[in-house]
Amino acid sequence: MNDKLKIKRKTSNKNLENIVDVENLSFTYPGKNEKILSKLNFNIKKGEIFGFLGPSGAGKSTTQKIITGILKGFQGKVKVMNQDISKVDSKFYENIGVSFEFPNLYLRFTARENLKYFASLYEVETEDALKLLGMVGLEEAVDIRVEEFSKGMKMRLNFCRALINKPELLFLDEPTSGLDPANARIIKEIIREKSRQGKTIFLTTHNMLTVDNLCDRVAFIVGGEIVLIDTPPNLKSTYGSKNVEIRYISDKDSKRKNFKLSGLGKNLEFLNLLQQYEVESIHSQEANLEEVFIKVTGRKLR
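Thresholds, definitions, all that
Residues numbered from 1 in each chain as written. Predicted model: local features only at pLDDT ≥ 70, side-chain atom pairs only at ≥ 80, totals over all residues. Heavy atoms only, no water. Helix = DSSP H or I, 4+ residues; strand = E, 2+ residues; numbered from the N terminus. Polar contact = N/O pair within 3.5 Å; in protein donor to acceptor, adjacent residues only side chain to side chain. Contact = heavy atoms within 4.5 Å. Axes fitted to C-alpha atoms, helices over the stretch in contact; angles between N-to-C directions. Parallel < 35°, antiparallel > 145°, perpendicular 65-115°, else oblique. Left-handed = near helix turned anticlockwise from the far one by under 90°. Salt bridge = Lys/Arg side-chain N within 4 Å of Asp/Glu carboxyl O. Buried < 20%, exposed > 50% of the residue type's maximum accessible area, 1.4 Å probe, protein only. Core = buried A, V, L, I, M, F, W, Y, C linked by side-chain atoms within 4.5 Å. Phe/Tyr/Trp six-rings, centres within 6.5 Å; stacked < 30°, edge-to-face > 60°. Lys NZ or Arg CZ within 6 Å of the ring centre and 35° of its normal.

Asks: Honestly, the side chain of T204 in this entry has me stumped. Any pointers?
Replies: Tracing the backbone shows T204 in strand 8 (residues 200–205). Only 2.9 Å separates the side chain of T204 from the side chain of D173, close enough to count as a polar contact. Setting aside chain neighbours within four positions, we find T204 in contact with F52, K60, Q64, L172, D173, E174 and P175.

Asks: Is there a simple way to think about the packing of helix 7 (residues 232–239) against helix 9 (residues 289–297) in this case?
Replies: Helix-helix packing: each pair is described by the crossing angle between the helix axes and the interaxial distance. At a closest axis distance of 9 Å, the pairing of helix 7 and helix 9 adopts a crossing angle of 65°. Comparing the axis directions of helix 7 and helix 9 gives the class roughly perpendicular. Every pair of crossing elements has a handedness; the one defined by helix 7 and helix 9 is left-handed. Residues P232, L235, K236 and Y239 of helix 7 form the contact with helix 9, whose own contacting residues are L289, V292, K295 and V296.

Asks: Is there a simple way to think about the pattern of salt bridges in this case?
Replies: Pairing between side chains of opposite charge can happen when their charged atoms approach one another. One pass over the structure, following the stated rule, counts 13 salt bridges. One salt bridge in this structure joins E48 and R217, with 2.5 Å as the shortest N-O distance. On the criterion of sequence distance, the pair formed by E48 in the loop between strand 2 (37–45) and strand 3 (49–53) and R217 in strand 9 (residues 217–222) is long-range, its members being 169 residues apart. Ionic pairing is found between R196 and E189, a salt bridge with its closest N-O pair at 2.5 Å. Each of E189, R192, E193 and R196 takes part in salt bridges that share partners, so that together they form one network.

Asks: In this structure, what is going on with the side chain of S281? I would like to understand it.
Replies: Note on placement: S281 falls in strand 13 (residues 278–284). For S281, a relative accessible area of 18% corresponds to the buried category. For S281, the contacting residues outside a window of four places in its chain are E245, I246 and R247.

Asks: Where do I start with the nonpolar core in this structure?
Replies: Nonpolar side chains in soluble globular proteins tend to end up buried together. Ranked by size, the top nonpolar core spans 49 residues in total, and within it L53, L133, L157, F159, I191 and F220 carry the most contacts. Considering each element in turn, this core owes the most residues, seven residues, to helix 4 (residues 151–163). Residue contacts for F220: discarding those within four places in its chain leaves L53, E225, I226, V227, L228, L235, L289, V292, F293 and V296. Formed by 30 residues, the second largest nonpolar core is a distinct cluster that contains I44, I96, I221 and I229.

Asks: Before we go on, may I ask you to explain the packing of aromatic side chains in this structure?
Replies: Centre-to-centre distance and the angle between the planes together describe a pair of aromatic rings. The tally for this structure, following the rule as stated, stands at 16 aromatic pairs. Note on F27 and Y29: the rings are 4.8 Å apart at their centroids and 90° apart in plane angle, and the pair reads as edge-to-face. Take F27: its relative accessible area is 2%, and that puts it in the buried class. With centroids separated by 6.2 Å and ring planes inclined at 15°, the aromatic side chains of F50 and F202 adopt a geometry described as stacked. One end of the pair, F50, is in strand 3; the other, F202, is in strand 8, with 152 residues separating them in the sequence. Residue class for F202 comes out buried when judged on its relative accessible area of 0%. Put simply, the rings of F42, F50, F52, F171 and F202 pair up and form one aromatic cluster. Sitting over the ring of F118, R161 keeps its end group 4.0 Å from the ring centre.

Written as C-alpha cells, this is what we have:
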C-alpha cells in the first residue's frame, strides 16, 4: 500500500454514540498465508449510514461477516452495540438485520410465506409482512413462489427479510444490485427513512452513485486496508477542481469558460458574462467519487 495514502476520519453530526467500534481488525482465512484484512480501524455512529467502498476482493464482505458474528478467528477488537462480537449469543441477532448481495430465500415458499417464516425466528416484535412487501412494490406478488421471481424481485424480498425484526443495525450488501432505477430509488428512500428514525446502516458496495446518494461517511478499502474515511461532499471538494464551468450562447454557438470558485461573486468577467449572454448551464468541477477513489488508491472499482 502506498505510504503516502493518509486516513482521514471525520466525526458525524449524528448521535455521538458509537454503534460499531473496530480496532486493529485483521483476518486471514485458514490455510492461507496472505491477510484478507490488515489493521482496520473505524467506528459507526448511531443513525449513520456508513459506506464501505472497494473493488471485488477488497475485503468488504469479510469485514461484514466478522462484524455480524459469522466469521471467527480474527485479530483485533470489534464491538457492536457495546458487545464484544466474539462473545455474543443468539440474542444479538434480535437487533440486527442482514441483507447479502445474493439472496438466501426459500424458493418454493411464496413471498408472504418466506417473511412469515423468518419472522417466526425472532422473539422481538416483527413487522407486518404485507406492509413490507407493499413498501418495495411486491404487493401483487405476495402469494407467488419465489422461484418465479426475477433477480430484482428477489433482491427486494431479501431487503424485506432484513427489516422483518425491526433491527437497530442494518447490514446491507449491494442493496440496489439488479434493480431498475425506479425500484433502486424506493430502496434508497427506505434506507434514508430508517436513518432518520435513528437506525444505523453499514452499507458495502462498489456502486459510487449509491454511496453518493446515501452515505454520511464512506471508507475506501483496497487490498484489505482502509486508506481513507471521509464524507462524500468533503471527498469531492478536496480532490476536485475548485472551478465552475459556465456554458453560454455567443453568436449562435455554444461556448464554455471556467472560473475559479474563490472570489466568484466579485469576478467582473463572470458577472458580465451572466448579464450579456444566454447561459445554458453552470456546473462546479468537483470530482465524482469514482474519480476520487482512483486518485486516492490508484485502482478502479471493477
